[in-house]
Amino acid sequence: RGAAPHPLLNVMSAELSNKRIAYFAFAAGSLMLGSYNTQARMLTDPVTLRMPVPIPLAILLMETMKLIISVNRLVVERAEKDSKSPLEFLKETISGISLREALPYAVPGLLYFFNNNLEVFMMRAMDPATARLLMNGKIITTAVIFRLVMGVTIETEQTLCLGALLCACILAAKPPQADAELTLAFITTLGIAYASLHCVISGMASVANEWLMKKGYGADTSIHLQNALLYCWGILFNITVVVPLILTSPEPVFNFSSLPQLANWLLFVANGCFHGLAISFVIKHLTSLHKLFMSSIAVYISGLLNLLLLGAQKLSAVWFASASIAVLATIGYNYPERVRRLYFWRAEKEKTGTDPEGAEGAEEPPRVQT
């Protein structure tokens, strides 16, 4: 009584708190990511198919905002433990990071940068519906690379949930009948190569990001320091695209037609910033596979928002079926023991004809791994 809590209890309490925050970030990030897609559609001109500000410049501003927020949180976090001024602390932190420690953080940024540009070439080698369908292959590649690199066993129930998510995404990628009649499906041999490369690089980028967040430099200090390193590289890569774009663009870079459009664009940039921070927290305290579920759930949120805000056509029964499968797969992946218990109990009931829950000495279902 009156004794200080054991350090191990403090660590366990902190991990539990981070897990809870990560699941909140998962839910909030899915909502923001879904609304982000709808905002992008609202800002796109239906005739020219352009946004008031080029996407690369918007992404650069998002990366800059994320860097500013991460540095601010890092300073505030350290101010609670140290009496040094923010400027002294930043100088000490920067001087303490070697190029060898910072260079690995360029890997996921470079992979994402390459993949985003690869999507442009994909759209020229296939129709949009086929592209959406083939991009779902990243669910398979990310799971395989995650298993090989992180060395974490994926339980059988979780593997089934990933398979269910893949099926749901394939159903969601199917265009409505009206659009299918207007769109000519095509794909070239080069398009297949692009799609395969896209799925592999997407999985590599996500898992490389997770490996750095959990095992790279600063993994045992602060997520804000790691984010700052990631966003510094992201800014550098995006500058290589934005500067030539500004210098060669015949039109003004900022081309807003009204004040509401400007306000919507600012919300779009803020959304991109904060859902990126949410994804980073999810990868740090959960896994890169959870990011797949976030992206998939966001597709259905975006569909509902398009229906409510943009007057999109009514959602089909196939869409609702795929959304239900995705939601159940997400729940099952996060609670595999409940899926296992349900299956085990049902199998015992069919075998013995009695309710296992009411039987004395009923054992817990065995844990199966793959």
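Not measured: the values here are computed from a predicted model. (Residues numbered from 1 in each chain as written. Predicted model: local features only at pLDDT ≥ 70, side-chain atom pairs only at ≥ 80, totals over all residues. Heavy atoms only, no water.)

## Some words on the overall build of the protein chain
Here comes step 1: Regarding its fold elements, the protein chain presents 15 helices and zero strands.
Here comes step 2: Across the protein chain, the fraction of contacts at a sequence separation of at least 24, relative to all contacts at a separation of at least 6, is 82%.
Here comes step 3: Roughly 21,300 Å² of accessible area belongs to the protein chain as shown, and the carbon and sulfur atoms make up 66% of that amount. (Helix = DSSP H or I, 4+ residues; strand = E, 2+ residues; numbered from the N terminus. Contact = heavy atoms within 4.5 Å. Areas by Shrake-Rupley, 256 points an atom, 1.4 Å probe, with all protein chains shown as cover.)

## Thoughts on the nonpolar core
Here comes step 1: In terms of nonpolar packing, the biggest core is built from 69 residues, with Ile139, Leu162, Leu165, Trp265, Phe268, Leu289 and Phe293 touching the most fellow members.
Here comes step 2: Residues in contact with Leu289, not counting those within four places in the same chain, are Thr142, Ala143, Phe146, Ile154, Leu162 and Tyr333.
Here comes step 3: Listed in part, the eight residues of the second largest apolar core include Met126, Ala131, Met135 and Ala195. (Core = buried A, V, L, I, M, F, W, Y, C linked by side-chain atoms within 4.5 Å. Buried < 20%, exposed > 50% of the residue type's maximum accessible area, 1.4 Å probe, protein only.)

## Here we look at helix H7 (residues 138–150)
Here comes step 1: The end-to-end C-alpha separation of H7 is 17 Å, in line with the 18 Å expected for 13 residues at 1.5 Å each.
Here comes step 2: Those residues of H7 that are buried lie in contact with helix H8 (156–173), helix H10 (189–215) and helix H13 (288–309).
Here comes step 3: Trailing H7 by a residue or two, Gly151 shows a phi angle of about 70°, which is positive. (Expected span 1.5 Å × (residues − 1).)

## Some details on the side chain of Gln226
Here comes step 1: Among the structural elements, Gln226 can be located in helix H11 (residues 223–248).
Here comes step 2: Polar side-chain contacts of Gln226 include one of 2.8 Å to the backbone oxygen of Leu212. (Polar contact = N/O pair within 3.5 Å; in protein donor to acceptor, adjacent residues only side chain to side chain.)

## A look at a nonpolar patch on the surface
Here comes step 1: Residues Leu133, Leu134, Ile170, Ile187 and Ile192 make up a contiguous nonpolar surface patch of roughly 380 Å² in combined accessible area.
Here comes step 2: Relative to the assigned elements, Ile192 resides in helix H10.
Here comes step 3: Take Ile192: its relative accessible area is 47%, and that puts it in the partly exposed class. (Patch = residues over 30% accessible without salt bridge, like charges linked within 9 Å, V, L, I, M, F, W, Y side chains within 5 Å. Salt bridge = Lys/Arg side-chain N within 4 Å of Asp/Glu carboxyl O.)

## A look at empty space enclosed by the protein
Once rolled over the atoms, a probe with the size of a water molecule shows which space is left empty.
Here comes step 1: Counting across every chain of the model gives one cavity of 30 Å³ or more.
Here comes step 2: Of the volumes computed, that of the largest cavity is approximately 40 Å³.
Here comes step 3: Lining the largest cavity we find Val75, Arg78, Ala79, Asp82, Lys84, Ser85, Pro86 and Phe89.
Here comes step 4: Listed by contribution, the elements that provide at least two residues to the lining of the largest cavity are helix H2 (55–79) and helix H3 (86–95).
Here comes step 5: For the lining of the largest cavity, the element with the most residues is H2, which contributes three residues.
Here comes step 6: Across the lining of the largest cavity, the residue classes break down as four nonpolar, one polar and three charged. (1 Å grid on protein atoms, 1.4 Å probe; cavity = no way out; pocket = protein on both sides within 12 Å on 5 of 7 lines; lining within 4 Å. Points joined across faces, edges and corners; volume = space filled by probe spheres on them. Nonpolar A, V, L, I, M, F, W, Y, C, P; charged D, E, K, R; others polar.)

## What about the packing of aromatic side chains?
Here comes step 1: For the structure on display, the rule yields nine aromatic pairs.
Here comes step 2: Ring geometry for Phe256 and Trp265: centres 5.5 Å apart, planes at 65°, overall edge-to-face.
Here comes step 3: Accessibility expressed as a relative area gives 25% for Phe256, which makes it partly exposed.
Here comes step 4: Among the residues examined, Trp265 registers a relative accessible area of 4% and is labelled buried.
Here comes step 5: Counting every residue linked through ring pairs, the aromatic cluster contains Phe113, Trp233 and Phe237. (Phe/Tyr/Trp six-rings, centres within 6.5 Å; stacked < 30°, edge-to-face > 60°.)

## What about the confidence of the model for the protein chain?
Here comes step 1: Looking at the protein chain as a whole, its pLDDT mean stands at 82, while 84% of the residues score no less than 70.
Here comes step 2: Element-level pLDDT for the protein chain is lowest in helix H9 (residues 177–182), with a mean of 49, against a maximum mean of 93 in H7.
Here comes step 3: Across residues 6–12, confidence stays below pLDDT 50; counting only partners more than four residues off in sequence or on other chains, it has one contact.
Here comes step 4: Low pLDDT, under 50, characterises residues 359–370; the stretch is placed with 27 contacts to residues that sit more than four places away or in other chains. (pLDDT = per-residue confidence, 0-100.)

## A few points about the side chain of Ser288
Here comes step 1: Mapped onto the elements, Ser288 comes out in helix H13.
Here comes step 2: Classification of Ser288 as buried rests on a relative accessible area of 1%.
Here comes step 3: At 2.7 Å, the side chain of Ser288 forms a polar contact with the side chain of Glu210.
Here comes step 4: Apart from residues lying up to four places away in sequence, Ser288 is in contact with Thr142, Phe146, Ser206, Val207, Glu210 and Ile283.

## Points about the environment of Ile68
Here comes step 1: Examined against the element boundaries, Ile68 turns out to sit in helix H2.
Here comes step 2: As for Ile68 and Ala228, which are separated by 160 residues in sequence, their C-alpha atoms are 8.2 Å apart.

## What about helix H14 (residues 317–334)?
Here comes step 1: Counted at 1.5 Å a residue, the expected span for H14 with its 18 residues is 26 Å, and the 26 Å between its end C-alpha atoms agrees.
Here comes step 2: Among all positions of H14, only Trp319, Ser322, Ala323, Ala326, Ala329, Thr330, Gly332, Tyr333 and Asn334 are buried.

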